[in-house]
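One-letter residues, chain by chain:
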Amino acid sequence: MGSQVVGHFSLIPIYAAASTAILALLADLFTGRRAVIVGVTLLGALATAVCAVVAVDASPTFCAGGGCSWVPSGAAATVAVLFAGLTAGVLAFSLPALRLGIAPAGEFCFLLACSMTGGVTVGYAGDLITLIVGLETLTLPLYVLVGLRRFAPSERVTTDGAAASVTFFLISVISTVIALLGVALNYAATGGVHLAALTAAAPPFAALAGVGAALLVIGLAFKVAAVPLHAWAPATYDGAPVPIAAYLSTASKLGGVIALAAVVSRLDTRAVVAVLAILTMTIGNLVALRQTRMIRLLAWSSVAQAGYILAALALGEPGVVAALAYAAFFVILELIAFGVVVALRAPGQDGGTLDDYRGAGRRFPWLGAAFVLALAGLAGLPPGLAGLFAKLSVVDALVDANWTWLAGVVVLNAVIALAYYVRVAAGLYSLPERVGLSVADPVLVDEALHPHGPVPRPVAVTISAAVVVAVVLGFAPQALFDALS
């Protein structure tokens, strides 16, 4: 097996993340106070981000057989910071529901911190086994979080949450089995699992390794809701609590992108990934055009966005940085969009229909502006400069690699997506039709639309912080590219 060297300094990000989960559980056990539990979790997420930055230049550890299982880098630290930020943001979005007791704070914070631990593991993973374990640690708590409610304002919310949780679990198990089969076949053909040692197998095992690589990509594609492994996403997003849907659409997808990037940059899977990219972006956009529920529309939009990321990954190593940068831009913009949905809906409610948001920008101008910024960024238009640079980076990488035809497919799909992004943005400022109210009095209309009072402060602060990050990255995108290179 060779010698193993353990450098504990390089492990402090995972120590911080895992300790956050343990401390949240202990805080619930010994105090039972929601404020203490939430405070511990938020501080733990912050500590995880700080530790990742501090240990960015640490040495790899758990090294044996020509590779290392834990590999610190600038990209790994950036991923850890993103997961920590997403965890803190989703926890802030969940505070209004936790205060009402809709979900138990102790279990909620523990499971969310466990999921963050899995995300950090994925970022630092140096072999396929650690990668799969990290993905499962990221995903397993989400099965419970999707259906974790003591009570709900309506029977539909409770029923949909349970159905979404079961659907998510069953499809995820199948995808994990497929990915593990791919790992096994690749190991049988090459005799290695470390990412640094992944290469094309020599005859007569080349065909076996090719099948293994394809199965591995297909299994991992579930995590990013790539077509045809996307069926779980719309139902799960719509049935889950809105903050958890936000986490599924951001952190869970980010983990899948990182795992796919680690594989496609070392194994030749261009044909499989290119087909997945075309199907995912095209079907995602076409189905999104027909959606009338807000969360389902965002879910199908998320599917389409995954297609753009896969288009860059189809290039292999030359497209990895563009794909990771796109994923980072996407999760920030998606967090803003889901945050606005949380702000405009009463705690514990589902996302509602598109008609429920008509005129929302009139009563809450700053929320309307934030939503428009997110939608414009997802569409790749100003003022969403972060999203614009993300799409340009993917198209530029494809053109540089002489994959102009795939770049054309990306641009065509981006044009199709404009239809539903513009429809949602325009609806925010149109007057809703309400019987008994005069359309000449928008204030009365908006009061009827949003009767639950002012936006909770934690939600407002988180949305504002995400908007600031999106704007800064829009004006200085090279900082993110440098961190991921």
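Residues numbered from 1 in each chain as written. Predicted model: local features only at pLDDT ≥ 70, side-chain atom pairs only at ≥ 80, totals over all residues. Heavy atoms only, no water.

Chemist: Can you walk me through the overall build of the protein in this structure?
Modeler: In terms of helices and strands, the protein carries 19 helices and 2 strands. Based on the C-alpha atoms only, the size of the protein along its principal axes is roughly 75 × 60 × 40 Å. Sorting the 485 residues of the protein into buried and exposed places 59% on the buried side. On the protein, roughly 18100 Å² of surface is accessible, and the fraction owed to carbon and sulfur atoms is 70%. Charge centroids of the protein, computed over 21 positive and 21 negative side chains, lie 6 Å from each other. (Helix = DSSP H or I, 4+ residues; strand = E, 2+ residues; numbered from the N terminus. Buried < 20%, exposed > 50% of the residue type's maximum accessible area, 1.4 Å probe, protein only. Areas by Shrake-Rupley, 256 points an atom, 1.4 Å probe, with all protein chains shown as cover. Lys, Arg positive; Asp, Glu negative; His and termini not counted. Charge placed at Lys NZ, Arg CZ, Asp CG, Glu CD.)

Chemist: Looking at this structure, how should I read the pairing of strand β2 (residues 67-70)?
Modeler: Inspection of the sheet shows strand β1 (residues 61-64) paired to β2 by 3 bridges, in the antiparallel sense. Within β2, the residue paired with Thr 61 across the bridge is Trp 70. (Pairing = 2+ DSSP bridges.)

Chemist: Mind showing me how you'd approach the nonpolar core here?
Modeler: Nonpolar side chains tend to gather and get buried jointly when the protein is soluble and globular. Judged by nonpolar contacts, the single largest core of 167 residues is most densely connected at Phe 108, Leu 313, Phe 371, Leu 398 and Ile 463. It is helix α12 (residues 320-344) that contributes the most residues to this core, 22 residues altogether. (Core = buried A, V, L, I, M, F, W, Y, C linked by side-chain atoms within 4.5 Å.)

Chemist: Looking at this structure, I do not really get helix α11 (residues 294-313). What am I missing?
Modeler: For α11, which comprises 20 residues, the first-to-last C-alpha distance of 29 Å matches the rise-based estimate of 28 Å (1.5 Å per residue) to within 8%. Among the 20 residues of α11, 19 are classified as buried, and the element is accordingly described as predominantly covered. (Expected span 1.5 Å × (residues − 1).)

Chemist: Got a minute to help me understand the pattern of salt bridges in this structure?
Modeler: Pairing between side chains of opposite charge can happen when their charged atoms approach one another. The final tally for this structure, using the stated rule, is 7 salt bridges. We note a salt bridge from Glu 136 to Lys 223, for which the minimum N-O separation is 3.4 Å. Of this pair, Glu 136 sits in helix α5 (residues 128-146) while Lys 223 sits in the loop between α7 (206-221) and α8 (232-239); the two residues are 87 residues apart in sequence, bridging distant segments of the chain. This pair shows no difference in class: Glu 136 is buried, exactly as Lys 223 is. Notably, a salt bridge pairs Arg 345 with Asp 356, separated by 3.7 Å at the nearest N-O pair. With a gap of 11 residues between them, Arg 345 in the loop between α12 and α13 (360-363) and Asp 356 in the loop between α12 and α13 connect regions that are remote in the sequence. A network of salt bridges, in which partner residues are shared, links Asp 238, Arg 293, Arg 296, Arg 345, Asp 350 and Asp 356. (Salt bridge = Lys/Arg side-chain N within 4 Å of Asp/Glu carboxyl O.)

Chemist: Hey, could you run me through the state of the cysteines in this one?
Modeler: Note: disulfide means a covalent bond formed between the sulfur atoms of two cysteine side chains. Under the criterion given, the structure shown has 1 disulfide. The residue that forms a disulfide with Cys 63 is Cys 68, at a sulfur-sulfur distance of 1.9 Å. The disulfide joining Cys 63 to Cys 68 has a torsion of about 100° about its S-S bond and is therefore right-handed. Here Cys 51 is not disulfide-linked; the sulfur of Cys 114 is the nearest cysteine sulfur, at 17 Å. With no disulfide partner, Cys 114 has as its closest neighbouring cysteine sulfur the one in Cys 109, 11 Å distant. By relative accessible area, which is 18% here, Cys 114 ends up buried. (Disulfide = S-S within 2.5 Å.)

Chemist: Is there a simple way to think about the side chain of Asp 127 in this case?
Modeler: Tracing the sequence through the fold places Asp 127 in the loop between α4 (105-124) and α5. Buried within the structure, Asp 127 lacks any salt-bridge partner; Arg 266 is the closest side chain of opposite charge, at an N-O distance of 11 Å. Reaching out from Asp 127, the side chain makes a polar contact with the side chain of Ser 69 at a distance of 2.5 Å. A distance of 2.6 Å separates a polar side-chain atom of Asp 127 from the backbone nitrogen of Thr 130. When sequence neighbours within four positions are dropped, the list of residues in contact with Asp 127 reads Cys 68, Ser 69, Val 193, His 194 and Leu 195. (Polar contact = N/O pair within 3.5 Å; in protein donor to acceptor, adjacent residues only side chain to side chain. Contact = heavy atoms within 4.5 Å.)

Chemist: What exactly am I supposed to notice about the packing of aromatic side chains here?
Modeler: Each aromatic ring pair is summarised here by two numbers: the centre-to-centre distance and the angle between the ring planes. In this structure the tally under the stated criterion is 11 aromatic pairs. Measuring from centroid to centroid gives 6.2 Å for Phe 168 and Phe 222, while their planes differ by 25°, and the two rings are stacked. With Phe 168 in helix α6 (residues 155-190) and Phe 222 in the loop between α7 and α8, this residue pair connects regions lying 54 residues apart in the sequence. Accessibility assignment for this pair places Phe 168 and Phe 222 in one class, buried. Seen from their ring centres, Tyr 420 and Tyr 421 are 4.6 Å apart, and the 45° between their planes marks the pair as tilted. Accessibility classification places Tyr 420 together with Tyr 421 in one group, the buried group. Ring pairing ties together the aromatic residues Tyr 143, Phe 168, Phe 169, Phe 222, Trp 232 and Tyr 237, which thus form one cluster. (Phe/Tyr/Trp six-rings, centres within 6.5 Å; stacked < 30°, edge-to-face > 60°.)

Chemist: Explain helix α2 (residues 34-54) here, please?
Modeler: An α-helix turns once per 3.6 residues; consequently, residues spaced three or four apart project the same way. Here α2 contains 21 residues, and its C-alpha end-to-end distance of 30 Å stays within 8% of the 30 Å for a straight helix at 1.5 Å per residue. Taken residue by residue, α2 has Ile 37, Val 38, Thr 41, Gly 44, Ala 45, Thr 48, Ala 49, Cys 51 and Ala 52 as its buried positions. Along α2, the residues classed as buried sweep out an arc of 165° about the axis, all on the same side. Opposite the buried face of α2, by more than 90 degrees, sit the exposed residues Ala 35, Leu 43, Leu 46 and Val 53. The inward-facing, buried residues of α2 contact α1 (12-30), α3 (74-99) and α4. (Arc of directions from axis to C-beta.)

Chemist: Sorry, what's going on with the confidence of the model for the protein here?
Modeler: Do not read the predicted coordinates in detail wherever pLDDT is low. For the protein, mean pLDDT is 85; residues scoring 70 or higher make up 91% of the total. Below pLDDT 50 for its whole length, residues 150-158 participates in 18 contacts with residues either more than four positions away or in separate chains. Low pLDDT, under 50, characterises residues 435-451; the predicted model gives this stretch 24 contacts beyond four residues in sequence or across chains. (pLDDT = per-residue confidence, 0-100.)

Chemist: Would you explain a nonpolar patch on the surface in this entry?
Modeler: Nonpolar side chains collect at one region of the surface, where Phe 9, Leu 43, Leu 46, Val 50 and Val 54 lie side by side and expose about 500 Å² of accessible area between them. Relative to the helices and strands, Leu 43 is located in helix α2. (Patch = residues over 30% accessible without salt bridge, like charges linked within 9 Å, V, L, I, M, F, W, Y side chains within 5 Å.)

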